[in-house]
Every structure is written in C-alpha cells, then in structure tokens.
Amino acid sequence: MNETSTPPDAAEADDAADAAAAGTGPQRPAGPQGAEGGAAGTQAAERSARRGDSRRTGDPLISARGVDKFFGDFQALKGIDLDIHRGEVVALIGASGSGKSTLCRCLNRLETITRGEITIDGERLPEEGKELTRLRADVGMVFQSFNLFPHLKAIDNVTLGPRKVRGASKADADRQAMELLERVGLADKANSLPTALSGGQQQRVAIARALAMKPKALLFDEPTSALDPEVINEVLDVMAELAEAGMTMLVVTHEMGFARHVCDRVVYMDQGEIVEEGEPEQFFTAPRSDRAKAFLSKILAH
Amino acid sequence: MDAIRENIPLLLQGIGTTVALTVLGYVFALVVGTAMAVARVSPIPPLRWAATVYVEIFRNIPLLSLLILIAFGLPDVGLRLPYFWCGVLGLTLSSAAFVCENVRSGINTVPVGHAEAARSIGLGFFGTLRHVVLPQAFRSMVQPLVNVFIGTVIGSALCSAIAVQEVTWVTQTLNIRYAQAVLMFLIAGAAYLILSLGGAALGGVIERAVSPGSGRDRSRAGAALDVTAGAQA
C-alpha cells in the first residue's frame, strides 16, 4: 500500500499547519524530545491565548474524585482527583505501569473503579446498563491498537455507531463518514478494509470512527505507541487539528513534543497517583516534584 | 442385487429420514448452541453457569444413552413424542453442546479490544456481539461447525436404536431378511459419505464467501498470493 501524505483540511490549514509544525514536526525523529523547546513554547502560549482561557471556568466536563482502582491486591489508582474542562487538551504522562492507561479506561468505564466517583458533564457514570452505554458514547476512545473492525470497510467502521446506536439512516451516516474521512485525509480509502491500510491510516480511521458519535470528549490511550516512527506524525497532526478546533481531549502519551506543544496541561502520574500537574512549559522546564524531575531526566537524557 | 431393486422405496425413505433427522437436528443445534454460547459469554453469572452445566452434561453423555433416555424416559414423566422427534431432540441436545463450544471459542478468537472499541462507540452487549464479534468469529467457526455437522450425520445412525426408520435401520432390517451385510452397509455408508461430503463442500463454499478478501476486495487476495510466491522463490 502506498503511504498517502495527509494534507490537513483546507479550511483549517493555517491553524493546523501552525500547530503541527510547532507541536510535532521538527523534534519527532530525534526520539524522546521536549528539551529543545525554545521558540515552540511561545507558539503554544500564543495558541492558548488565541483560543482564550474561558475553558477553565464553569463545571468540568470530566471529573474524577477520589478514584481508587484495585486489580486483586494491586492498587493501580490511588485517590485520583482530576478535572477536565470543556475544550481543554490534557496530556497524561508517566512511566509504564504508572496507571495512566487504567485511568483513561476508567473514565469511560471500560474498567470499573473500586472507590470514588467519575462524572461526565455532571452525570455520574452508572454501574451498567443502558445509561452507561449512552454516556459511554458521549466520550470517544482511541486505542493504542486501533481496534478497527476488520470485517468492515473503513467507511462502515465509521458509520456503525451512528447507524446502530444513534439510528441514523445509511445515507446520512455515509455522508457524515465521508466528511470525517476527508477531515483525517482518508476519503480515498473509504472502501478499503482495515487490513489494506497502514497503521497510521488505521488510527486515523479510528479517530474518525470516534468522532462520528459526536462525542463531548475524546480519550486517547497511547494512540501512537503501536505506530512506525514515520507515520506517527500523520496521527499527531490530526490530533493537533482536533485540539485546535476545540475538542476536549485527554491524551495518554509518550510523545513529549505533543504534550508540550499541543496540550494545555500536563498531568504526570507515578505508581497510581497524580504526582504533579501544570502548564506544559512549566512542567517540562521546571518540574516541582522530585519524581517528575527523575522521570524527565530519564526520558530527556538523549 | 434383487435385495436393492425390490426395496428401493424403502431405502429412499430411509435416506430421506436420515437427511431429515440430520438437517433438523443440526439446524436446531445451531440455534440452541449459539444461544448457549451467548449465555456463556454474557455478563450475567447465573446464565453463564446454566450454559456451562448444559454443555458439560450433553457433551459428555454418549448420544446412544441420551437417545434411549429420551425415547424411554420421557414417557415415564408423561411426555410422549414420536420416535422420530425423540431422535431430533437427542441430536439437537447433543450437537448444541458442541456448537456452543465452537461458537464460544470462535468468540474468544476476536481480540477483546474490538469489543471494547464497540462498547466505546455506544454499542451494548447484544449490539457488540451482533455487529462486531459474531461476524468476525463466524469466519473461524465454519470448519468446526462442519465437524459438528458430520458428527450429526453420523450420530443420526444411532437413532436406529430407538426404531427411527432411517437408513441404518432400513439396511439392518434388509440385512436380516437377505443376509447381505456387506452390500447393505455399503449402501448405508455411501449415503453417510455423500451427506458428509456435501456438508463439507457447502462449508468450504461458505468459508470462502466470508473470508476476508472475498467479494469486491480482490486486490488483497491477489497480494496474499504474491506473498506466497515470494516465499517459495
């Protein structure tokens, strides 16, 4: 399969190119990045200012209070308090096993929590049943391993939710799906099966699939960790574009460049706890906690 | 050969009964077995337990014992069924247990991430099964289900023990009359062979039809062939 490059949607080209260049472009091949921030930092600040900071006010869209999660005797999450406001883009970072993916999965109840409370747009996540199913559709999820449905063409992957959950007609769902595939630069792949797509293309279809449900927020669980280095950017570009368009996002990631330049806030987790959170520039240049300092010195060492 | 010529209607009737037993037993088994498999993967523990108990009982009782229990045990509790339907019931109960396990293992071949992705776009338990899990699982289930079909064909012979006049019963009866065991059992054997091969051939057609790369997406099937060619070179 030929790798198609991903021209950002014409309408959003300016902003997106801006964000993509600032956030992900130049540093990418160098591996763990972020230390070489400099000018990009001010760009992030400008972008933040452009979008305005009204997002911090009002009730949070996603809120976790005192969340504990046990796997048997092992405590994966310890007293997690986290608020994500409308339009906010939050990076969740930390070492493997720190609980960041678990937290992400708990937020739309793919994992049950042992104690505490999670609310989505003011509604408490129910235990099971129809209500949970409905709330879950409000929060889209993008997985590390894409999880496209392999028996369905790209466009049918995108339309399945709108048709079977929202009851949209095939014509309407197809029209919307084509718009979304266009947006992620894959309109020409609409009739391909997932096996005929590269990893980056599959992940972009997965993002379109999540967007098709018109979610209030998107959760990304290490969206680029399973990708070849050369296609990571095409996915990060799409995500940067979404961030630019005001989508509320929680991104579990090892892409420090993305966390630093596209996200509004960085949350650092270690051993199931939120150790530190703050503005990306502040976090990456002057972390307050010793654990965050140790973590950053490890990943930014080379 | 007179033995055959004089009894063609009887033999045909026997073969017809065998086909009816097999097809009815198998179709009901597919329905019951799939329902049991859904119960075995459901989030409701009592359903899972009930289906597990069902499978362990009916998979492990010899079919002959089961048929005799049904034919001679059910009247004791007041339920009288014609022997033919006793045969269908026995085949259904037994084959359904095997269908259940095949469907369940097919479901288990689908990566859990696909089910999670389905849930994350708002599909419930049945929607996830119906639209995402079962269509994928079905591909890996075709050949095991052909095995169950062949088992049902062969198992239908045991219905002769409860006087269902299928092809084994007919040929056995004719053998007693004409003392031509080899000829008679060759006839019965041929009937079973044709039924089983027919079922397997149909299974092959279905498997090709549902395999990825069929239909419009021929290009990928072509690519797969190229890979094989490269490996041989």
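Cut-off values and rules
Residues numbered from 1 in each chain as written. Chains lettered and ligands numbered in written order. Predicted model: local features only at pLDDT ≥ 70, side-chain atom pairs only at ≥ 80, totals over all residues. Heavy atoms only, no water. Helix = DSSP H or I, 4+ residues; strand = E, 2+ residues; numbered from the N terminus. Buried < 20%, exposed > 50% of the residue type's maximum accessible area, 1.4 Å probe, protein only. Contact = heavy atoms within 4.5 Å. Areas by Shrake-Rupley, 256 points an atom, 1.4 Å probe, with all protein chains shown as cover. Core = buried A, V, L, I, M, F, W, Y, C linked by side-chain atoms within 4.5 Å. Pairing = 2+ DSSP bridges. Axes fitted to C-alpha atoms, helices over the stretch in contact; angles between N-to-C directions. Parallel < 35°, antiparallel > 145°, perpendicular 65-115°, else oblique. Left-handed = near helix turned anticlockwise from the far one by under 90°. Nonpolar A, V, L, I, M, F, W, Y, C, P; charged D, E, K, R; others polar. Phe/Tyr/Trp six-rings, centres within 6.5 Å; stacked < 30°, edge-to-face > 60°. Lys NZ or Arg CZ within 6 Å of the ring centre and 35° of its normal. Buried area = accessible area lost by both parts, 1.4 Å probe. Salt bridge = Lys/Arg side-chain N within 4 Å of Asp/Glu carboxyl O. Polar contact = N/O pair within 3.5 Å; in protein donor to acceptor, adjacent residues only side chain to side chain.

## Points about the overall build of chain A
For chain A, the helix and strand inventory stands at eleven helices and ten strands. When burial is assessed residue by residue, chain A has 58% of its 302 residues classed as buried. Residue pairs in contact within chain A that sit at least 24 positions apart in sequence constitute 69% of those at least 6 positions apart. Summing over all exposed atoms, chain A offers an accessible surface of approximately 12000 Å²; the carbon and sulfur share of this is 50%.

## Observations regarding the nonpolar core
Ranked by internal contacts, the top residues of the largest apolar core, which has 52 residues, are Ile93(A), Leu181(A), Ile207(A), Phe220(A), Met239(A) and Met249(A). No other element matches the nine residues that helix H8 (residues 229-244) of chain A contributes to this core. Beyond its immediate stretch of four places on either side in the chain, Phe220(A) contacts Cys104(A), Val142(A), Ile207(A), Met239(A), Leu242(A), Met249(A), Leu250(A), Val251(A) and Val252(A). Leu21(B), Leu93(B), Met141(B) and Ile162(B) belong to the second largest nonpolar core, which has 42 residues in total.

## A word on the sheet that holds strand S2 (residues 74-84) of chain A
Residues and elements named next belong to chain A. Taken together, the four strands give an open sheet; going across it, the order is S2-S1-S4-S5, and neighbouring strands pair in antiparallel fashion. Pairing within the sheet leaves two strands with one partner each, and these edge strands are S2 and strand S5 (123-124). Strands in contact with helix H3 (residues 100-107) are strand S1 (62-71), S2 and strand S4 (115-120); relative to S2, the strand with the most contacts, it is inclined by about 60°.

## Looking at the environment of Thr253(A)
Residues and elements named next belong to chain A. Among the structural elements, threonine 253 can be located in the loop between strand S8 (248-252) and helix H9 (256-261). Sequence separation between threonine 253 and alanine 190 is 63 residues, and the spatial gap between their C-alpha atoms is 28 Å. Here threonine 253 is in contact with Leu92, Ile93 and Ala259, once residues within four sequence places are set aside.

## Quick word on the packing of helix H2 (residues 8-40) of chain B against helix H3 (residues 45-60) of chain B
Residues and elements named next belong to chain B. One can describe the packing of H2 onto H3 by two numbers: an axis separation of 7 Å at closest approach and a directional angle of 135°. The orientation of H2 with respect to H3, classified from their angle, is oblique. Like other packed secondary-structure pairs, H2 and H3 cross with a definite hand, here left-handed. Contacts between H2 and H3 involve Val32, Met36, Ala39 and Arg40 from the first element and Leu47, Arg48, Ala51, Thr52, Tyr54 and Val55 from the second. By residue class, the composition of the contact of H2 with H3 is seven nonpolar, one polar and two charged.

## Looking at the pairing of strand S6 (residues 139-142) of chain A
Residues and elements named next belong to chain A. Here S6 shows a buried face lined by Val139 and Met141 and a second buried face lined by Gly140 and Val142. Where S6 and strand S7 (residues 217-221) come together, four bridges link them in parallel fashion. Directly across from methionine 141, in S7, lies its bridge partner leucine 219.

## Quick look at the packing of aromatic side chains
Applying the stated rule across the entire model yields eight aromatic pairs over all chains. On the basis of an interplanar angle of 40° and a centroid distance of 6.0 Å, the ring pair of Tyr268(A) and Phe283(A) is categorised as tilted. Placement of the pair is Tyr268(A) in strand S9 (residues 265-270) and Phe283(A) in helix H10 (residues 280-285), with a sequence separation of 15 residues. A residue is classified by how much of its surface remains accessible, and Tyr268(A), at 3% relative accessible area, is buried. With a relative accessible area of 0%, Phe283(A) lands in the buried category. Taken together, a centroid distance of 5.1 Å and an interplanar angle of 80° make the contact between Tyr26(B) and Phe149(B) edge-to-face. Pair noted here: Tyr26(B) is in helix H2 and Phe149(B) is in helix H7 (residues 125-155), with a separation of 123 residues, a long-range link. Each member of the pair Tyr26(B) and Phe149(B) is classed as buried. Through a chain of ring-to-ring contacts, the aromatic side chains of Tyr268(A), Phe283(A), Phe284(A) and Phe295(A) assemble into a single cluster. Geometry around Phe71(A) places Lys69(A) over its ring, the cationic atom sitting 4.7 Å from the centre.

## Brief notes about helix H6 (residues 112-120) of chain B
Of all nine residues making up H6(B), seven are buried, and the element is well covered by its neighbours. Close packing links the buried residues of H6(B) with H3, helix H4 (130-138), S6 and helix H7 (199-212) of chain A together with H7 of chain B. Gly122(B) lies just past H6(B) and shows a positive phi near 95°.

## Here's the deal with the interface of chain B and chain A
Frequently, the measure chosen for interface size is the accessible area removed from exposure when the parts meet. The partner chain A presents 25 residues to the 20 residues of chain B that form the contact. In this assembly, chain B packs against chain A so that about 2000 Å² is buried in total across both faces, 62% of it on carbon and sulfur atoms. When the buried surface of chain B facing chain A is broken down by residue, Arg119(B), Ser120(B) and Ile121(B) rank first, second and third, together holding 30% of it. Run the count over chain B and chain A and you get one salt bridge. Linking Glu116(B) and Arg105(A) is a salt bridge whose minimum nitrogen-to-oxygen distance equals 2.6 Å. Summed over the shared surface of chain B and chain A, the number is four residue pairs in polar contact (both at pLDDT 80 or more). Elements that contribute at least two residues to the side of chain B that touches chain A include exactly H6 and H7 of chain B. Grouping the amino acids of the side of chain B that touches chain A by side-chain chemistry returns six nonpolar, eight polar and six charged.

## A few points about the pattern of salt bridges
Per the counting criterion, the structure on display carries 23 salt bridges over all chains. In this structure, Asp121(A) and Arg86(A) form a salt bridge, with 3.0 Å as the shortest nitrogen-oxygen distance. Taken together, the residues span a long stretch of sequence, with Asp121(A) in the loop between S4 and S5 and Arg86(A) in the loop between S2 and strand S3 (89-94) at a distance of 35 residues. Take Asp121(A): its relative accessible area is 29%, and that puts it in the partly exposed class. Its relative accessible area of 42% is what places Arg86(A) among the partly exposed residues. Through salt bridges with shared partners, a single ionic network connects Arg40(B), Glu56(B), Arg59(B), Glu101(B) and Arg104(B).

## Remarks on the side chain of Thr224(A)
Residues and elements named next belong to chain A. Tracing the backbone shows threonine 224 in the loop between S7 and H8. Looking at threonine 224, the relative accessible area reads 4%, which means it is buried. For threonine 224, the contacting residues outside a window of four places in its chain are Ile232, Val235, Leu236 and Glu255.

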